[in-house]
Amino acid sequence: MIYNIPFFAVIILIAVGMYAVIFRRNLIKIAIGITIVESAVNLFLITLGYREGGVAPIYTNLPANVVIPGGMVLPVPQALTLTSIVIGVAVLALMLSFIIRIYQYYGTLDSKKVRRLKE
Amino acid sequence: MNVDWLLTHSPALLIAIPLLAAFLTPVIDRINKKARDAFVIIVLIIAEIIMIALAWDVFTGSAHIYTMGASSPTATIPAQAAVPIRIVLEVDGMSAFMGLISTTVSLAAGFYSLAFVKKETGQGRYYALLLLMLVGMLGMEFTGDIFNLFVFLEVLSMASAALIAYRFYYGDAVEGAFKYCVVSSLGALMVLFAIGLLYGQYDLLNMAALAKVMKYTTLDRIALVLLIAAFAMKCGAVPMHMWTPDSYTVAPAPITAMLVAASQASLYALFRICFSLYGLTLDVTTVGIIIIALGLLSMFVGVTMALPQKDIKRLMSYHAVSQTGYMLLGVGVGLYLLGKPDFDTYGMAAMEGGIFHIINHALYKGLLFLTAGAIFYKVKTRNLNEMGGLAHSMKFTTIFFMIGALAIAGIPPFNGFASKLLIYESAYHVSPILSIIAMLVSIITLASFVKVFHSAFMGPPMENAEEGDVPKSMIIGMAILTVGIILFGLFPGWVVSNIVHPAAQALAAQAGYIGSVAGGA
């Protein structure tokens, strides 16, 4: 049970993030929503990578009785998460710069009012 | 450096050359603007040439495998491991087919951009992002690794979003870009979540190795739903099409043509997931019907939304949604029949129709968006009611527009006819209603393009119109796509048997896809 708690956290975070993206009207809050979903997915990947009793694959500082390579964990989920975090930063920066421009041209951050395209 | 060496390494080179060139472009821009233009065009031409050579080799021979960082490109499974760990690029018929589309459209867009963005600022970064879009598309199409697919999807999305907002001084451009950015990053996160689900069960990221052990558990189904939803959203299928008209309309015209190819890269990913990753383990009847339904909805809703539009690019964007429906219908019918005895008789023909339509659509829709851009370049408006009589001054653009419009409506001898006929004939066997709706949509498409032609090109010349056509480089860009349309329309038989059939075959034969990486199906 205790090991499942991160998965529940993932579900709750995704729900919160999706709520913010779909129902919030402030563009910055939409951006925050996407960041929350992204954190949830990252948490999911990291949780998948946890193995009870596994050892980090760092050769120089291994405990004496570890079998190589069976006793070590394969660090793929961690690598995926790092990549995903880097991508997430780029997405967030791009979205925030769009928001700055939108504020300059529309004078508002309300998504109901930022709809010149729908005319 | 001989031809064999080039062919062996071409999958990696095709990604590496535009990627490195993308980051060199702003540097060259600092030194000399003309050199930068020449550099970008040369890189695009080199990519096109390598792509044609690689595609030819794949169509006549077998799939190319390239393992990143291995001692030999074909060593997919490392010596101490039982499964592929490294990133594997797998270029089979379908990948090569999509790669051809991406490089050709990028080349046309590159030429067109030379004149189109001449007066804008920040051109160095514009071309850098254009090359990154090409990298993203090629990467998505070549990769055999599902996480790598996600990375290239994000590369493509971010480059596209930034380019949609390129003319930020219009305000609405940024609005469209923000919408695109939100939709694509949510979609990409869904893909990543699905990748997590698959990795958690099988400890694998390689698509071929995953397909080999796929058991279609409940978690696999959830992953499938997430993947289909995300990629259907990215390719603009109804009911997830809201972003398409908004972002296509405001992007600069060459970028809109690129976005069409980018949507098709997502379409490719959707097909790859259904056919190669899941294949016969999934419930092909149900998933086939869902994809057919998505296709029918996209076709019909897209075209009916297009009819009342007054903005020329918005109208064309809705047509892009509608045409995506044809591809989903054709390949959906193929998926529906996969593994059934009828597959060899008309299921294959349906897939060939759907896949042939992908390249046709990229050519004529790209061309139509470029002509819309040429009109905008000339009269500075996208509103159909404010333009007229353009045929008097823009002779080339008028001809190009006519060819594109006839091709999209499926009039022989242009290419749209060939692929639509294949879809009509084969979908008829599944249910006559499918073909009837498809033909009806085709007729409405023609009607709406007659309207555009009439209001934009016919009538007395505009009072304040400048003399002459658009600059030469824009005409070259449009001509590249027009030549493709005419050639594909005149020799559909040759194209289908030599280019489209290997692509459809590569999608349908899952064992071949698995065998070439994981060894033995």
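Residues numbered from 1 in each chain as written. Chains lettered and ligands numbered in written order. Predicted model: local features only at pLDDT ≥ 70, side-chain atom pairs only at ≥ 80, totals over all residues. Heavy atoms only, no water.

Comments concerning the overall build of chain B
Scanning chain B for helices and strands turns up 19 helices and 2 strands. Over its C-alpha atoms chain B spans a radius of gyration of 22 Å, differing by no more than 12% from the 24 Å that the globule rule assigns to 521 residues. Expressed as lengths along the three principal axes of its C-alpha atoms, the size of chain B is roughly 75 × 60 × 40 Å. Sorting the 521 residues of chain B into buried and exposed places 66% on the buried side. Contacts in chain B between residues far apart in sequence, at least 24 positions, make up 80% of those at least 6 positions apart. Roughly 17,300 Å² of accessible area belongs to chain B as shown, and the carbon and sulfur atoms make up 69% of that amount. Side-chain charges in chain B split into 27 positive and 27 negative, and the spacing between the mean points of these groups amounts to 7 Å. (Helix = DSSP H or I, 4+ residues; strand = E, 2+ residues; numbered from the N terminus. Rg over C-alpha atoms; globule rule 2.2 N^0.38 Å. Buried < 20%, exposed > 50% of the residue type's maximum accessible area, 1.4 Å probe, protein only. Contact = heavy atoms within 4.5 Å. Areas by Shrake-Rupley, 256 points an atom, 1.4 Å probe, with all protein chains shown as cover. Lys, Arg positive; Asp, Glu negative; His and termini not counted. Charge placed at Lys NZ, Arg CZ, Asp CG, Glu CD.)

Overview of the overall build of chain A
In terms of helices and strands, chain A carries 3 helices and 0 strands. Here the C-alpha atoms of chain A give a radius of gyration of 20 Å, more than 25% beyond the 14 Å that 2.2 N^0.38 yields for 119 residues. A principal-axis box enclosing the C-alpha atoms of chain A has dimensions of 70 × 30 × 20 Å. In chain A, buried positions account for 35% of the 119 residues. In chain A, the share of contacts with a sequence separation of at least 24, taken over all contacts with a separation of at least 6, comes to 51%. With an accessible surface of roughly 7,300 Å², chain A has 68% of that area assigned to carbon and sulfur atoms. A distance of 10 Å separates the average location of the 10 positive side-chain charges in chain A from that of its 4 negative side-chain charges.

Examining the pairing of strand 2 (residues 88-91) of chain B
Residues and elements named next belong to chain B. Residues Val-88 and Glu-90 of strand 2 are buried on one face, and the alternating residues Leu-89 and Val-91, pointing to the opposite face, are buried as well. Both strand 1 (residues 64-67) and strand 2 contribute to a ladder of 4 bridges, which runs antiparallel. Along strand 2, the bridge assignment pairs His-64 with Val-91. (Pairing = 2+ DSSP bridges.)

A word on helix 8 (residues 218-234) of chain B
Turn by turn, an α-helix covers 3.6 residues, leaving residues three or four places apart pointing in a common direction. Residue and element names in this part refer to chain B. With 17 residues, helix 8 should reach 24 Å at 1.5 Å per residue; the first-to-last C-alpha distance of 24 Å fits that figure. Those residues of helix 8 that sit buried are Asp-220, Ala-223, Leu-224, Leu-226, Leu-227, Ile-228, Ala-230, Phe-231, Ala-232, Met-233 and Lys-234. In the core, the buried residues of helix 8 are packed alongside helix 4 (123-142), helix 5 (146-164), helix 6 (172-202), helix 9 (243-250), helix 10 (253-278) and helix 11 (284-306). Where helix 8 ends, the next residue or the one after it, Gly-236, has phi of about 80°, a positive value. (Expected span 1.5 Å × (residues − 1).)

Let's talk about the side chain of Asn415(B)
Mapped onto the secondary structure, Asn415(B) falls in helix 15 (residues 415-430). What Asn415(B) contacts, discounting residues up to four positions off in sequence, is Asn360(B), Leu363(B), Tyr364(B), Ala407(B), Ile485(B), Phe488(B) and Gly489(B).

Let's talk about the state of the cysteines
A covalent bond between the sulfur atoms of two cysteines is referred to as a disulfide. Per the stated rule, a full pass over the model turns up 0 disulfides over all chains. Sulfur of Cys235(B): no disulfide; nearest cysteine sulfur belongs to Cys274(B) and is 11 Å away. (Disulfide = S-S within 2.5 Å.)

So, the environment of Val105(B)
Residue and element names in this part refer to chain B. Relative to the assigned elements, Val-105 resides in helix 3 (residues 93-116). The class of Val-105 is buried, set by a relative accessible area of 3%. For the pair formed by Val-105 and Leu-259, sequence separation is 154 residues and the distance between their alpha carbons is 9.8 Å. Leaving out residues up to four positions away in the same chain, Val-105 has contacts with Ala-257, Met-258, Ala-261 and Ala-362.

Details of the packing of aromatic side chains
Residues and elements named next belong to chain B. Taken as a whole, this structure holds 21 aromatic pairs over all chains when the rule is applied. Between Phe-147 and Phe-150 the ring centres are 5.6 Å apart and the planes differ by 35°, which places this aromatic pair in the tilted class. Here the residue Phe-147 and the residue Phe-150 both occupy positions in helix 5, the gap between them amounting to 3 residues, near one helical turn. According to the relative accessible area criterion, Phe-147 is buried, its value standing at 7%. (Phe/Tyr/Trp six-rings, centres within 6.5 Å; stacked < 30°, edge-to-face > 60°.)

Remarks on the interface of chain A and chain B
Each side of the interface is counted separately: chain A has 35 residues, and chain B has 35 residues. For the pair chain A and chain B, the two sides together bury roughly 3,000 Å², of which 82% comes from carbon and sulfur. Where chain A touches chain B, the interface holds 1 residue pair in polar contact (both at pLDDT 80 or more). When residues of the side of chain A that touches chain B are traced back to their parent elements, those giving at least two are helix 1 (5-23), helix 2 (27-48) and helix 3 (76-106) of chain A. In terms of residue count, the dominant contributor to the side of chain A that touches chain B is helix 3 of chain A (15 residues). A breakdown of the residues in the side of chain A that touches chain B according to their chemical character gives 27 nonpolar, 2 polar and 6 charged. (Buried area = accessible area lost by both parts, 1.4 Å probe. Polar contact = N/O pair within 3.5 Å; in protein donor to acceptor, adjacent residues only side chain to side chain. Nonpolar A, V, L, I, M, F, W, Y, C, P; charged D, E, K, R; others polar.)

Side note on the pattern of salt bridges
All names here are of chain B. Taken as a whole and judged by the stated rule, the model has 9 salt bridges over all chains. When the shortest N-O distance is used, the salt bridge between Asp-311 and Arg-382 registers 3.1 Å. With a gap of 71 residues between them, Asp-311 in the loop between helix 11 and helix 12 (312-337) and Arg-382 in the loop between helix 13 (347-379) and helix 14 (395-408) connect regions that are remote in the sequence. Looking at Asp-311, the relative accessible area reads 18%, which means it is buried. With a relative accessible area of 18%, Arg-382 lands in the buried category. (Salt bridge = Lys/Arg side-chain N within 4 Å of Asp/Glu carboxyl O.)

As for the packing of helix 5 of chain B against helix 10 of chain B
Residues and elements named next belong to chain B. Relative orientation of the contacting elements helix 5 and helix 10 amounts to 160°, with a least axis distance of 11 Å. It follows that helix 5 is roughly antiparallel to helix 10 by the angle criterion. In this structure, helix 5 meets helix 10 at a crossing whose hand is left-handed. Contacts between helix 5 and helix 10 involve Ile-146, Leu-149, Leu-153, Leu-156, Ser-160, Leu-163 and Ile-164 from the first element and Ile-255, Leu-259, Ala-262, Ala-265, Ser-266, Ala-269, Ile-273 and Leu-277 from the second. For the contact of helix 5 with helix 10, the residue count by class is 13 nonpolar, 2 polar and no charged. (Axes fitted to C-alpha atoms, helices over the stretch in contact; angles between N-to-C directions. Parallel < 35°, antiparallel > 145°, perpendicular 65-115°, else oblique. Left-handed = near helix turned anticlockwise from the far one by under 90°.)

Notes on the confidence of the model for chain B
When pLDDT is averaged across chain B, the result is 90; 98% of the residues are at 70 or more. Scored as a whole, the predicted complex attains pTM 0.94, and scored at its interfaces, ipTM 0.94. (pLDDT = per-residue confidence, 0-100.)

Quick word on the nonpolar core
Residues and elements named next belong to chain B. Phe-97, Phe-231, Tyr-278 and Ile-355 are the most contacted members of the largest nonpolar core, which has 237 residues in total. When residues in this core are grouped by element, the largest group, 21 residues, is from helix 6. Other than its neighbours up to four places away in sequence, Phe-231 contacts Met-140, Leu-149, Leu-153, Val-191, Ser-266, Ala-269, Leu-270 and Ile-273. (Core = buried A, V, L, I, M, F, W, Y, C linked by side-chain atoms within 4.5 Å.)

Here we look at the environment of Ala165(B)
For Ala165(B), the location among the structural elements is in the loop between helix 5 and helix 6. Considered as a pair, Ala165(B) and Ile87(B) are 78 residues apart in the sequence and their alpha carbons are 33 Å apart. Not counting residues within four places of it along the chain, the set of residues in contact with Ala165(B) comprises Phe98(A), Ala173(B), Val174(B) and Ala177(B).

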